[in-house]
Amino acid sequence: MDIPRIFNITESAHRIHNPITPEKLATLGAALRLEAGERVLDLGSGSGEMLCTWARDHGVVGTGVDLSRLFTEQARRRAEELGVAGRVSFIHGDAAGHVSDEKVGVAACLGATWIGGGVAGTIALLARSLRSGGVILIGEPYWRQLPPTEEVATGCLAGSIADFLTLPDLLASFGGLGYDVVEMVLADQDGWDRYEAAKWLTMRRWLEANPGDELASEVRALLHSEPARYAAHTREYLGWGVFALMPR
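Asker: Is there a simple way to explain the packing of aromatic side chains in this structure?
Answerer: Any pair of aromatic rings gets described here by the distance separating the centres and the angle formed by the planes. Following the criterion strictly, the structure yields four aromatic pairs and no others. The interplanar angle of 45° and the centroid separation of 5.6 Å between the aromatic rings of phenylalanine 174 and phenylalanine 243 together place this pair among those described as tilted. A residue pair is termed long-range when its members are at least 10 positions apart, and phenylalanine 174 in helix α7 (residues 167-176) and phenylalanine 243 in strand β7 (residues 238-247) qualify at 69 residues. Looking at phenylalanine 174, the relative accessible area reads 0%, which means it is buried.

Asker: Looking at this structure, I do not really get the layout of surface pockets. What am I missing?
Answerer: If you roll a probe as big as a water molecule over the atoms, it shows you where there is empty space left. The calculated volume of the second largest pocket comes to roughly 290 Å³. In terms of lining, the second largest pocket is formed by 17 residues, of which the most central are His14, Arg15, Ile16, Arg194 and Ala198. The element best represented in the lining of the second largest pocket is helix α8 (residues 189-209), accounting for six residues. Here the lining of the second largest pocket is composed, by residue class, of eight nonpolar, five polar and four charged.

Asker: Sorry if this is basic, but what is going on with the environment of histidine 14 here?
Answerer: Mapped onto the elements of the fold, histidine 14 is located in the loop between α1 (5-10) and α2 (22-31). C-alpha separation for the pair histidine 14 and alanine 96, spaced 82 residues apart in sequence, amounts to 23 Å. Apart from residues lying up to four places away in sequence, histidine 14 is in contact with Ser47, Gln74, Arg194, Tyr195, Ala198 and Lys199.

Asker: Looking at this model, I keep getting lost on the side chain of threonine 166. Mind explaining?
Answerer: Assignment of secondary structure puts threonine 166 in the loop between α6 (150-155) and α7. Setting aside anything within four residues of it in sequence, one finds threonine 166 in contact with Tyr142, Trp143 and Leu146.

Asker: Would you explain the side chain of aspartate 66 in this entry?
Answerer: Looking at the element boundaries, aspartate 66 is found in strand β2 (residues 61-66). Comment: no salt bridge for buried aspartate 66; closest opposite-charge side chain is arginine 76, at 11 Å. Discounting residues that sit within four places of it in the chain, aspartate 66 has contacts with Gly44, Ser45, Gly46, Phe71, Thr72, Ile91, His92 and Gly93.

Asker: Is there a simple way to think about the packing of α2 against helix α3 (residues 49-58) in this case?
Answerer: Two numbers describe a pair of packed helices, the interaxial angle and the distance between the axes. Look at α2 against α3: their axes get within 10 Å of each other, and the N-to-C directions meet at 55°. Taken together, the axes of α2 and α3 are oblique relative to one another. Between α2 and α3 the crossing geometry is right-handed. Together, Leu25, Leu28, Gly29 and Ala30 of α2 and Glu49, Met50, Thr53, Trp54 and His58 of α3 make up the contact between the two elements. Of the residues assigned to the contact of α2 with α3, the class counts are five nonpolar, three polar and one charged.

Asker: Quick question: what am I supposed to make of α3 here?
Answerer: Each α-helix turn comprises 3.6 residues. Residues three or four places apart therefore point the same way. For α3, the tally of buried residues reaches seven of ten residues, placing the bulk of the element in the interior. Turning to α3, its buried residues number three or more, namely Glu49, Met50, Leu51, Cys52, Thr53, Trp54 and Ala55. Note on α3: the residue one or two positions beyond its end, glycine 59, has a positive phi of about 80°.

Asker: How should the packing of α8 against helix α9 (residues 216-237) be read in this particular structure?
Answerer: The interhelical angle for the contact between α8 and α9, taken along N-to-C directions, is 165°, at an axis separation of 9 Å. The angle between the axes of α8 and α9 places the two elements in the roughly antiparallel class. The two elements α8 and α9 meet at a crossing, and its hand is left-handed. Across from Gln189, Trp192, Asp193, Glu196, Trp200, Met203, Arg204, Trp206 and Leu207 in α8, the residues of α9 making contact are Ala216, Val219, Arg220, Leu222, Leu223, Glu226, Pro227, Arg229, Tyr230, Thr234, Arg235 and Glu236. Among the residues forming the contact of α8 with α9, the class breakdown is eleven nonpolar, two polar and eight charged.

The rules behind these values
Residues numbered from 1 in each chain as written. Predicted model: local features only at pLDDT ≥ 70, side-chain atom pairs only at ≥ 80, totals over all residues. Heavy atoms only, no water. Phe/Tyr/Trp six-rings, centres within 6.5 Å; stacked < 30°, edge-to-face > 60°. Helix = DSSP H or I, 4+ residues; strand = E, 2+ residues; numbered from the N terminus. Buried < 20%, exposed > 50% of the residue type's maximum accessible area, 1.4 Å probe, protein only. 1 Å grid on protein atoms, 1.4 Å probe; cavity = no way out; pocket = protein on both sides within 12 Å on 5 of 7 lines; lining within 4 Å. Points joined across faces, edges and corners; volume = space filled by probe spheres on them. Nonpolar A, V, L, I, M, F, W, Y, C, P; charged D, E, K, R; others polar. Contact = heavy atoms within 4.5 Å. Lys, Arg positive; Asp, Glu negative; His and termini not counted. Salt bridge = Lys/Arg side-chain N within 4 Å of Asp/Glu carboxyl O. Axes fitted to C-alpha atoms, helices over the stretch in contact; angles between N-to-C directions. Parallel < 35°, antiparallel > 145°, perpendicular 65-115°, else oblique. Left-handed = near helix turned anticlockwise from the far one by under 90°.

Here it is in structure tokens:
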């Protein structure tokens, strides 16, 4: 059970597997007014940076679930490094359908809403673990500006323009699902740069260490094409944010 190997390669040096920076992640934790002992569930927890830093900075406790064996191991090491291994735990497994044994004050899925078949399904899944008065966190892309053609949308690695909403429409959609938007922290282009550009050095160094690997040609092709694709498409058209929701 694991994610496709190409992602374990390209993001192996990442601590955060989406466009949010450490500073923005800290801003989010402060904005939520987290209290010591608050229980957090993070589905698609990646390398555990959110849970680990919030446990260190705010005293939260919680659990992360991620399909990547590598990222889960990195999360456990990060918890040890920050001295919070007694407060957070990480499960290597499929987050789809995962419901906490104990109700949580924060139920999160940042950038992995495919686990619930989309935003609505993921919110419904997270709600099953949420205590009364708790907050759901959804990390999701949106169009900073609508792509002029479907070709531009696919250049942003979307299936089509219809895959994402503009920010006003995304915020309105949460209301249509019966939730109030109570906070948001948006990535900026610097955050996108750090997420995307960090892959390029990782790929180059991996290629130098693994020239005969069966994925070497795929990684080489990505290293050749990704900088220009990203600069022309994702960086200009695609936004990303974390949205805090409470049921009405």
